[in-house]
Amino acid sequence: MMHNTVDKIEYVSFLEHKGRFKGLFSWIFATDHKRIALLYLYAIGTFFFVGAILGLLMRLELIAPGETIMKPQTYNGIFTVHGIIMIFMVVIPGLSAVFGNFFLPILIGAKDVAFPKLNLFSWWVFIFGSVLAIASQFMKNGPPDTGWTFYAPYSTATGTNVITATTAAFVLGFSSILTGLNFLVTIHQMRAPGMKFFNMPLFPWAIYATAWIQLLATPIIGITLLMLIAERLFGIGFFNPDLGGDPILFQHLFWIYSHPAVYVMILPAMGVITEIIPTFCQRRVYGYKAIALSSVAIAGVGFLVWGHHMYTSGMSNQARWFFSLLTFVVAVPSAIKVFNWISTMYKGSIDLKPPFLYAVSFIFLFIIGGTTGLLLGSIATNVQVHDTAFVVAHFHYIIFGGMGFAFFAAIHYWLPKMYGKMYNFKRANIAWAIIFVGFNLLYFPQFILGFQGMPRRYFDYLPQFQTGEVISTIGGIILVSGFIFMVYNLVMGVRKGEPAPANPWNGSTLEWQIPSPPPTENFDEVPVIKKNPYDYI
Amino acid sequence: MANNSSHITDYKVLTRVLLVLMFCTFLTISITSYNLAAFTVTIALLIAGFKSFLVLSYFMHLKYESLLLRILVSIVFVLFALIVLITFIDYSYR
C-alpha cells in the first residue's frame, strides 16, 4: 500500500484505502463520499462527451440549408437525446453530485454524508436511469422526437420511445431527490462544532438551497411524467384535448419542476465561484450574508416563475403579467451575487490562475445569459423571440456559460485536492482560451439568428441564415477541440503531474487544511470552528 | 452541530391518533354519498390535509422537533399552496 506523507505524518489517502472489496468493486460499492463523487465525475464526464458529440452533429447538419449529414427524423431524435442527456444526466446532477459529494462534508468538517449507503444507492439509481435514457435512443421505435420538454399532446401521440425516455427521467429524478435529502440532513446534523449556519462556507450554502429544490420540485416532474405514461398506455385524458385533457396543464406541471431545475444547475455553480474568487483575490468575501441568503431567495422565488416559459401557450393574460413581474424579481438576488463577486475582487491580490480565469469567464457569460433572460422575461419581447435560436443562445449562456464554466473552474480548483496531483498551467490557460472563444463563436450568433427569426429545433432553414449558422458551427468545432485539450491536460496532470501540496492556492476553507488527496474519513479529529471561513484581509 | 435528542411517543397517544385517522378516512368515504357540488373536492382535501398534519406531527415526530425544522416544513406547505394558487391565476382568467 502506498502511503502519502504530509508534514511528516504518514496517512493512507481515500484513493489507496483498502476496504471490503478490491479493484472495480472497491469503487462501485464504495460508501465513501469522495469515491462516490469520482464515480459521478467519470459517469457524467462520459455522458457530457456523448451529449457534446450529438450537439456537434446537429451543428454539422446545420452548416448548410437542406439535408447535409442526416435525415430530418434523425435530427429530431438527436436534439431530443442531446437535451435529455445534457439536462438530466449532466447539468442537473453535475456540480451537486460531483463536487457537492466530494467537498460538502469536508467543508462543514464532517467525516462523510449523513447516509453513506443511500449516497451509493443514489449513484446506482442514476446509472440505471442513464442506461434507460441512452437505450431509448436505440430501441425499436426510434429515439424520442419530442425535445427534452416532452410537450403534450405531441408526446402523447408520437410513436417513438417516449415511455422509455420519460421513465429514465423519472428514475433519474429519484437519484436527485435522494441526494438532495442526504445533503440537507448532512448540513443540518453534521456540521463541525462551532460551525453555525452563518459561518458555514458559501458552497455548502448553495448546495443547501439546491437540495431543497431537488427535494421539493423533483417529485412534480415525476408525477407529470407518470401521468404522461398513463395517458399513452391507458388513454387517460390528462393532457390530450381529444380525450378531454389540457395540454397547458402539462406545460404548467413540467415547468413547475423544470424552471427550479435551472437553479439546481446554477446555484451550485454560483457556490463554486464564491469559493474561487476570495481564494484567488486573497480577500474576504464581500457581503457574506447577502450571498448566502440570495441563494435561498433564488431557490424560493425561483419556484414561482415557471410561467415565463409559457407566454405564447395560451395562458391567461393575468398569469402572464404575474409571471413576468416575478421573473424580474428573481433577477435581483442573482445580481446581488454578481455585484458581491466583483466587490470581492476590488483591491484584491488577483492571481490569474486557470480556476480564476474560468470563474471570471463565468461572470462574463452569466451576465450575458442573465440580461438576455430579462428580455425573455418581458412579455412583448418574449413573443418576438419565443422558440427561436435566441432562446437556444440564452439557455446555453446560462447553462453552459454558467454551470459548464463553473464545472471547469471547479475541476481546475479542486483537482489538486481530489487527486493530489497538479496539472500544467500553461496548457490549462490555452485550453481556457480555446474554450472561451469557441463558446462565444458558437452561441453568440444564435442571438442574432433568433432576432432575425431563425426557429429553434429546425432541421432546415432559409439561405439568409447561413452565415450565422456557419460561424456557429465553426465555434462548435473550436469548442469541442478546446474541451478535448482541457481533458487531456487534466488527465495528464492526474497521471504524471507533480504532487500537489495540501494548500496550493493558499485557501482558507477546511478542505485546504487536510492532506491532498484526503484520507478516507477526512479529519483525524473533527475540527472546532472558531472563525469566518474566508479568513483573508 | 448535531442534535441527537429524541422523543419517544406514548403508545396511547399513537393509538388515539390512529383512531382519529381511521375516523377521517371513514368521513372521507361517507361524504361522497352527499351532493356537496363545488365543495366536494374542497372538503376531501381539507380532511386529507388534517390527516397529513396528524401524521407529520405525531408519527413523524415533527411536534417534538426544533422550531427551525417546524418552520422549514411549514414553508413547504406554504410553497405548495402558492404554486396551486398561482396556477389558478391562469385557470381562473383563461
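Residues numbered from 1 in each chain as written. Chains lettered and ligands numbered in written order. Predicted model: local features only at pLDDT ≥ 70, side-chain atom pairs only at ≥ 80, totals over all residues. Heavy atoms only, no water.

Helix and strand counts for chain B stand at three helices and zero strands. If you list the helices and strands of chain B from N to C, you get α-α-α. Computed over the C-alpha atoms, the radius of gyration of chain B is 17 Å, more than 25% above the 12 Å expected from 2.2 N^0.38 for a compact globule of 94 residues. With respect to the three principal axes, the spread of C-alpha positions in chain B is 50 × 35 × 10 Å. The buried share among the 94 residues of chain B stands at 18%. Of the contacts formed within chain B by residues at least 6 apart in sequence, a portion of 55% connects residues at least 24 apart. Element-wise, carbon and sulfur atoms account for 74% of the exposed surface of chain B, whose accessible area totals about 7,000 Å². (Helix = DSSP H or I, 4+ residues; strand = E, 2+ residues; numbered from the N terminus. Rg over C-alpha atoms; globule rule 2.2 N^0.38 Å. Buried < 20%, exposed > 50% of the residue type's maximum accessible area, 1.4 Å probe, protein only. Contact = heavy atoms within 4.5 Å. Areas by Shrake-Rupley, 256 points an atom, 1.4 Å probe, with all protein chains shown as cover.)

Quick look at the interface of chain B and chain A now. Across the contact, 17 residues belong to chain B and 26 residues belong to chain A. In this assembly, chain B packs against chain A so that about 1,800 Å² is buried in total across both faces, 72% of it on carbon and sulfur atoms. On inspection of chain B and its partner chain A, the count reaches one salt bridge. Here Asp246 of chain A ties to Arg94 of chain B by a salt bridge, and the two come within 3.4 Å at their closest N and O atoms. Where chain B meets chain A, there are six residue pairs in polar contact (both at pLDDT 80 or more). (Buried area = accessible area lost by both parts, 1.4 Å probe. Salt bridge = Lys/Arg side-chain N within 4 Å of Asp/Glu carboxyl O. Polar contact = N/O pair within 3.5 Å; in protein donor to acceptor, adjacent residues only side chain to side chain.)

Right, let's get into a nonpolar patch on the surface. All names here are of chain A. A grouping of Phe21, Leu24, Phe25, Phe29 and Trp124 is seen on the molecular surface, where their side chains present a nonpolar patch of about 480 Å² in accessible area. In this fold, Phe21 is placed in the loop between strand S2 (9–11) and helix H1 (25–28). With relative accessibility at 31%, the residue Phe21 sits in the partly exposed group. (Patch = residues over 30% accessible without salt bridge, like charges linked within 9 Å, V, L, I, M, F, W, Y side chains within 5 Å.)

An ideal rise of 1.5 Å per residue puts 40 Å on 28 residues; helix H15 (residues 425–452) of chain A measures up with 41 Å between its terminal C-alpha atoms. The residue sitting at the N-terminus of H15 of chain A and contributing the capping side-chain oxygen is Asn424 of chain A; that oxygen lies 2.8 Å from the backbone nitrogen of Lys426 of chain A. (Expected span 1.5 Å × (residues − 1).)

Now for the domain arrangement of chain B. Many authors give the size of an interface as the accessible area that is lost as the parts come together. Residue and element names in this part refer to chain B. For chain B, the assigned domains read domain 1 (10–60) and domain 2 (61–94). With centres defined by C-alpha atoms, the gap from domain 1 to domain 2 works out at 19 Å. Domain 1 puts five residues into the contact, and the matching count from domain 2 is six residues. Taken over both partners, the interface formed by domain 1 and domain 2 buries close to 480 Å², and the fraction arising from carbon and sulfur atoms is 60%. Between domain 1 and domain 2 we count zero salt bridges in total. (Domains from an automatic or database assignment.)

All names here are of chain A. Counted by the stated rule, this structure contains nine salt bridges over all chains. Here Glu469 ties to Arg59 by a salt bridge, and the two come within 2.5 Å at their closest N and O atoms. Placement of the pair is Glu469 in helix H16 (residues 466–496) and Arg59 in helix H2 (residues 33–61), with a sequence separation of 410 residues. Neither residue differs from the other here; Glu469 and Arg59 are each classed as buried. A salt bridge links Lys531 to Asp535; its shortest N-O distance comes to 3.5 Å.

Glancing now at the side chain of Asn489 of chain A. Residues and elements named next belong to chain A. Residue position: Asn489 is located in helix H16. A relative accessible area of 1% means that Asn489 is categorised as buried. Apart from the residues lying within four places of it in its own chain, the contact partners of Asn489 are Tyr423, Asn424, Arg427 and Ala428.

Here we take up the packing of helix H9 (residues 247–281) of chain A against helix H14 (residues 389–419) of chain A. All names here are of chain A. Interhelical geometry of H9 versus H14 gives an angle of 45 degrees and a closest axis separation of 9 Å. Of the possible angle classes, the one that applies to H9 and H14 is oblique. Relative to H14, H9 is oriented so that their crossing is left-handed. Counted together, Val262, Met265, Ile266, Ala269, Val272, Ile273, Glu275, Ile276, Thr279 and Phe280 of H9 and Ile398, Ile399, Gly402, Met403, Ala406, Ala409, Ala410, Tyr413 and Trp414 of H14 form the full contact between these two elements. (Axes fitted to C-alpha atoms, helices over the stretch in contact; angles between N-to-C directions. Parallel < 35°, antiparallel > 145°, perpendicular 65-115°, else oblique. Left-handed = near helix turned anticlockwise from the far one by under 90°.)

All names here are of chain A. Following Ala152, the chain continues into Pro153 via a peptide bond in cis, with omega recorded as 5 degrees. As for its placement among the helices and strands, Pro153 is situated in the loop between helix H5 (116–138) and helix H6 (154–157). Of the consecutive residues Ser516 and Pro517, the connecting peptide bond is found in the cis state with omega at -10 degrees. Following the sequence through the fold, Pro517 ends up in the segment after H16. The backbone phi angle of Arg457 is positive, close to 60 degrees, even though this residue is not glycine. Relative to the helices and strands, Arg457 is located in the loop between H15 and H16. You will see that Asn506, though not glycine, has its phi angle at about 60 degrees, which is positive. Turning to its location among the elements, Asn506 is positioned in the segment after H16.

Looking now at helix H1 (residues 11–30) of chain B. Residues and elements named next belong to chain B. In a regular helix each residue adds 1.5 Å, so 20 residues correspond to 28 Å; H1 covers 28 Å between its end C-alpha atoms and thus fits that length. Those residues of H1 not exposed but buried are Val17, Leu21 and Cys24. End-on view of H1: buried residues confined to an arc of 60 degrees, all on one side of the axis. Every exposed residue of H1 that faces more than 90 degrees away from the buried side is listed here: Tyr11, Lys12, Arg16, Leu19, Met22, Phe26 and Ile29. Here the buried face of H1 lies against helix H2 (39–59). Among the residues of H1, the N-terminal cap falls to Asp10, whose side-chain oxygen and the backbone nitrogen of Lys12 are separated by 3.2 Å. (Arc of directions from axis to C-beta.)

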